[in-house]
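# A look at the structure
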Amino acid sequence: MRWFTPVDPALPGLNARYRLGARAMRLGSLLSGVPLPAATLAPLAAPLPIARWLADELKNDRIPHVWTFASSAVLICQAATEAGLDIRGARFTGGGEPTTAARRAVVEGVGAVLLPRMGATETDILAYACVHPEAPDDRHFFDDRHALIQPGPGFAGTPGNHGVGPALPAKAMLLSSLLPSAPILLLNVCMGDQAEITRRNCGCALEQDGWGVHIHTVRSFEKLTAGGITLLDIDVIRVLEEVLPARFGGSPTDYQLLETLDGARARPEIRLLVNPALGDIDPAVISDVFFNAIGGGTGGERLMELQWRSGGVLRIVRELPRKTASGKILHLFLDRT
Ligand SMILES: [Zn+2]
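What comes next is a walk through the structure. (Residues numbered from 1 in each chain as written. Predicted model: local features only at pLDDT ≥ 70, side-chain atom pairs only at ≥ 80, totals over all residues. Heavy atoms only, no water.)

Secondary structure assignment for the protein yields 10 helices and 17 strands. Radius of gyration (C-alpha) of the protein: 21 Å, near the 20 Å computed for a compact globule of 337 residues. Along the longest, intermediate and shortest principal axes, the C-alpha atoms of the protein span 60 × 50 × 40 Å. Residue burial in the protein is summarised as follows: out of 337 residues, 47% are buried. A sequence separation of at least 24 residues applies to 63% of the contacts in the protein between residues at least 6 apart. (Helix = DSSP H or I, 4+ residues; strand = E, 2+ residues; numbered from the N terminus. Rg over C-alpha atoms; globule rule 2.2 N^0.38 Å. Buried < 20%, exposed > 50% of the residue type's maximum accessible area, 1.4 Å probe, protein only. Contact = heavy atoms within 4.5 Å.)

Spelled out as structure tokens, the structure:
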């Protein structure tokens, strides 16, 4: 019925495929007699158009269901509250990012529902929300589509993905395709996520249909995710170790990224720690150099840059990088409930 986009696909600097793709999809839908809506701009920093649409639908006795990222659902609910809009009964399916207790609390605080989903381009859907969750992101794993195993303590620390990937934590998710129609055949492939796997009787319809395996507390260990955008650690590390020291001095150990799932007001936040010993540097200049280095080209990286910039996701903090075993990028999973 409606399509909202956080980034204007016609922005200069973006590859024309985003603008043309949106037009082609609309044209194709018109030709096939199932018209899809054109995109409405709703930036992360100003998602009010979505909240307004939700309130209007509810007023007309319809139940709107928004397919989005978990943190974007939070932003929409906060915008609704600030504007005094009643969106009780609205539903969100949130994928791409962890559904944390803090995020769920914001959405449920306005009387809406947040349903966690997990999927990937390589796999399509992997898991969907349980009606009687035992954790904020409790989901039924669709074990007819994929087999799921974990390395366990015995194989933790060995390189993943048949020897070419980073070291696997004990609870890494290793996926194998089971459907003959799978878009890509996977054999014990790790997509960079770890999870708790349980089998229990939750009593919901998905269990009655045969999906008894649950996953929850799904967290990425080799990706950086915020505001609906995911980057591989390895792409970001190049910027931290080469680009920033070359421009502002110091060594790779003077820079570090801190991913906080729930920063202020349950919003996603990436903090770039810069050693204070490097002297007086304008934070705006640091963030500009960081974004320009990450957003090279006109493709997905540029899209990420625009989305993080408009959402105010990155914060420059002058403090000593933290010394931990996990190194350049710290994934802090703080649920500030
Ligand atoms: Zn269930």
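Now for the coordination of the zinc ion. For the zinc ion, the full set of protein donor atoms is C130 (SG), H140 (NE2), C202 (SG) and C204 (SG), at a range of 2.0 to 2.3 Å. Given 4 donor atoms and angles of 91 to 129° at the metal, the environment of the zinc ion is assigned as tetrahedral. Summarised as a motif, the one-chain spacing of the donors to the zinc ion is C-x9-H-x61-C-x1-C. Placement of the pair is C130 in the loop between β6 (124–129) and β7 (139–141) and C204 in the loop between β10 (189–199) and α7 (205–208), with a sequence separation of 74 residues. Of the two residues, C130 and C204, neither departs from the other in class, the shared state being buried. (Donors = N, O, S within 2.8 Å, 3.2 Å for Na, K, Ca; no water. Tetrahedral: all angles 85-135°; square planar, octahedral: opposite > 155°, others 65-115°.)

Time to look at the packing of aromatic side chains. A complete count under the given rule lists 3 aromatic pairs for this structure. Where F4 meets W53, the ring centres are 6.2 Å apart and the plane angle is 55°; that geometry is what we call tilted. With a gap of 49 residues between them, F4 in strand β1 (residues 3–5) and W53 in helix α2 (residues 48–59) connect regions that are remote in the sequence. On the basis of relative accessible area, F4 is assigned to the buried category, the value being 18%. Residue W53 is classed as buried on the basis of its relative accessible area of 13%. (Phe/Tyr/Trp six-rings, centres within 6.5 Å; stacked < 30°, edge-to-face > 60°.)

A few words now on α2. Taking 1.5 Å of rise per residue, 12 residues should cover 16 Å, and α2 covers 16 Å from first to last C-alpha, within 8% of that figure. For α2, the full list of buried residues reads I50, A51, W53, L54, A55, E57 and L58. The secondary structure elements touched by the buried residues of α2 are β1, β3 (65–69), α3 (70–82) and β4 (91–95). Note on α2: the residue one or two positions beyond its end, D61, has a positive phi of about 65°. (Expected span 1.5 Å × (residues − 1).)

Our focus in this paragraph is the environment of L36. In this fold, L36 is placed in the loop between α1 (16–31) and β2 (39–41). Taking relative accessible area as the criterion, L36 reaches 36% and is therefore assigned partly exposed. For the pair formed by L36 and A156, sequence separation is 120 residues and the distance between their alpha carbons is 46 Å. In contact with L36, not counting residues within four places along its chain, are M25, R26 and S29.

In this structure the tally under the stated criterion is 10 salt bridges. We note a salt bridge from D137 to R219, for which the minimum N-O separation is 3.9 Å. Of this pair, D137 sits in the loop between β6 and β7 while R219 sits in strand β11 (residues 213–220), placing them 82 residues apart in sequence. By relative accessible area, D137 is classed as buried at 1%. If you follow the salt bridges from partner to partner, you end up with E134, D138 and R200 in one network. (Salt bridge = Lys/Arg side-chain N within 4 Å of Asp/Glu carboxyl O.)

A separate point is the nonpolar core. Among the nonpolar cores identified, the biggest contains 26 residues, and L244, L257, L272, F290 and W308 are the most heavily contacted of them. Residue assignment for this core shows that the elements contributing at least two residues are β12 (223–226), β13 (229–232), α8 (233–248), β14 (255–260), β15 (269–274), α9 (283–294), α10 (300–311) and β16 (314–317). Setting aside anything within four residues of it in sequence, one finds L244 in contact with V239, G249, Y255, L272, V289 and F290. If you look at the next biggest cluster of nonpolar residues, it comprises 23 residues, including V66, V110, A112 and A266. (Core = buried A, V, L, I, M, F, W, Y, C linked by side-chain atoms within 4.5 Å.)

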